[in-house]
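# Tertiary structure, described
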Amino acid sequence: MRLSQKNERGFSLLLALLLPLFLIAGLGWALARSSWLARGWPNGVSELTVKLLVPALLLNGAYTNGISASISWQLLCAFYLPLVAVFLLYAHGWRRGAGAAPRALAATYSNNAFVGIPVLVQTVGNDSLRYAFPIIAFHSLVGFSLYYLCARGDAGAHRGRGGKLGASLLAALKNPIVASLFIGFALNLGGVDLPAPVRQLLAMLAGAALPCALLALGASLATLAPQRGGETVLVAATKLLLLPLLVWLLARHGFGLAPEAVKVLVLLSACPVGINAALVVKADGKDAGMVGSAILLSSILCMATIPLWLWFLH
């Protein structure tokens, strides 16, 4: 009885920590559906968040913390080996077909910028980001590379796919989020002492990153509509349940990583489908309808699955 009450109190506490995040995202959705703000504000907020605010948060964290001695190859393997396995399951195994590459990308690509970072900061603390830095740095690089390699092998793939792969890799390296991490690590390793006003500027920009990211997330969901119900549910379930389960098994029982590291890896893998997945699929000339539906459904369902994962990890 006491254990049950303790579990209930713990779950209630987790919900209380996450509720503000969901409310801010809901506010973004409501504002996007109304005419109270000028048309086009979601694009502006999203661009500001991705190109300035979140990079400032990550640069500041990478500069302050550097590369922790606790970071090892096991950390990357515990996250990326299950990701590659699930991707290959969709791309070259079960339900292989012309739409395999978009499904595989949607089932493995996480919304770390708009969901992962806010959830980690709110529930685990800023210090947990030291485990998230290497994952975020290579996430787009790995996900988009797998997508284009898979798409190039699809039947009827058009010529020039290799060029798209190279362009995608270059774009991932130029991504402000990735670039900010490498700049922060370089400054830390080089022992550069940033002036106090610069550090304060980064801290102030970082403070605005999380609410703006959640507002942008909610606003982006207002433009999506559900399609292909059964297929979308399957992809969302894979993303929110199967992938984090595999990450937990490998991180906890395969490599025996520290509990905080396990928590970070599972929560990053349990994030909803990343918005950039639809942009990549659409730019590749494919139908992004299913991916958009998976983004919408997984973003809604994560309000239930993320608290469950947090409760399980606690």
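Bear in mind that the values here come from a model prediction, so they are computed numbers and not experimental data. (Residues numbered from 1 in each chain as written. Predicted model: local features only at pLDDT ≥ 70, side-chain atom pairs only at ≥ 80, totals over all residues. Heavy atoms only, no water.)

Below, the discussion takes up the nonpolar core. L105, I117, Y147 and L265 are the most contacted members of the largest nonpolar core, which has 88 residues in total. It is helix α6 (residues 129-153) that provides the largest number of residues to this core, a total of 13 residues. Once you skip the residues sitting within four places of it in the chain, L265 turns out to touch L75, A78, F79, I135, V247, A251 and L257. A56, L59, Y63 and L187 belong to the second-largest nonpolar core, a separate cluster that totals 6 residues. (Core = buried A, V, L, I, M, F, W, Y, C linked by side-chain atoms within 4.5 Å. Buried < 20%, exposed > 50% of the residue type's maximum accessible area, 1.4 Å probe, protein only. Helix = DSSP H or I, 4+ residues; strand = E, 2+ residues; numbered from the N terminus. Contact = heavy atoms within 4.5 Å.)

Quick look at the packing of aromatic side chains now. Enumeration over the complete set of coordinates arrives at 8 aromatic pairs. Aromatic side chains F133 and F185 sit 6.1 Å apart centroid to centroid with 75° between the ring planes, which places their arrangement in the edge-to-face category. Here F185 lies in helix α8 (residues 176-189) and F133 lies in helix α6, a separation of 52 residues in the sequence. The class for F185 is buried, based on a relative accessible area of 11%. Cluster of aromatic residues (ring-pair linked, three or more members): W248, W309 and F312. (Phe/Tyr/Trp six-rings, centres within 6.5 Å; stacked < 30°, edge-to-face > 60°.)

Contact geometry of helix α2 (residues 41-65) with α8 gives a least axis separation of 7 Å together with a crossing angle of 25°. Judged by the inter-axis angle, α2 sits roughly parallel to α8. Remark: the crossing between α2 and α8 carries right-handed chirality. When α2 is examined against α8, the residues V50, K51, V54, P55, L58, L59, A62, Y63, T64 and N65 are found in contact with a partner set consisting of P176, I177, S180, L181, I183, G184, F185, L187 and N188. (Axes fitted to C-alpha atoms, helices over the stretch in contact; angles between N-to-C directions. Parallel < 35°, antiparallel > 145°, perpendicular 65-115°, else oblique. Left-handed = near helix turned anticlockwise from the far one by under 90°.)

Put simply, helix α11 (residues 259-269) and helix α13 (residues 289-313) touch, their axes get as near as 10 Å, and they point 165° apart. Here α13 runs roughly antiparallel to α11, going by the angle between their axes. Here α11 runs over α13; the crossing is right-handed. Taken together, the residues of α13 that come into contact with α11 (itself represented by V262, K263, V266 and L267) are W309, L310 and L313. Taken together, the residues of the contact of α11 with α13 break down into 6 nonpolar, no polar and 1 charged. (Nonpolar A, V, L, I, M, F, W, Y, C, P; charged D, E, K, R; others polar.)

A few words on the side chain of S299. Assignment of secondary structure puts S299 in helix α13. For S299, a relative accessible area of 7% translates into the label buried. Here the side chain of S299 touches I295 through a polar contact of 2.6 Å, landing on its backbone oxygen. If we skip the residues at most four places from it in the chain, S299 touches L217, L221 and P272. (Polar contact = N/O pair within 3.5 Å; in protein donor to acceptor, adjacent residues only side chain to side chain.)

Before going further, it helps to examine the pattern of salt bridges. A side chain of one charge can pair with a side chain of the opposite charge when the charged atoms of the two come close. Scanning the model with the defined rule gives 4 salt bridges in all. We note a salt bridge from E47 to K51, for which the minimum N-O separation is 2.8 Å. On the criterion of helical spacing, the pair formed by E47 and K51 is a turn pair, its members being 4 residues apart in helix α2. Notably, a salt bridge pairs E260 with R130, separated by 3.3 Å at the nearest N-O pair. Taken together, the residues E260 in helix α11 and R130 in helix α6 connect sequence positions 130 residues apart. A residue is classified by how much of its surface remains accessible, and E260, at 25% relative accessible area, is partly exposed. (Salt bridge = Lys/Arg side-chain N within 4 Å of Asp/Glu carboxyl O.)

Another aspect to go through is a nonpolar patch on the surface. Together, L89, L242, L245 and L249 give the surface a local cluster of nonpolar side chains, amounting to about 290 Å² of exposed area. By the element assignment, L89 lies in helix α3 (residues 73-93). (Patch = residues over 30% accessible without salt bridge, like charges linked within 9 Å, V, L, I, M, F, W, Y side chains within 5 Å. Areas by Shrake-Rupley, 256 points an atom, 1.4 Å probe, with all protein chains shown as cover.)

On to the environment of Y80. With respect to the helices and strands, the residue Y80 is situated in helix α3. Here the alpha-carbon distance between Y80 and S269, two residues 189 residues apart in the chain, equals 9.6 Å. Discounting chain neighbours no more than four positions away, the residues touching Y80 are P134, I135, F138, H139 and V142. From its side chain, Y80 meets the backbone oxygen of I135 in a polar contact 2.6 Å long.

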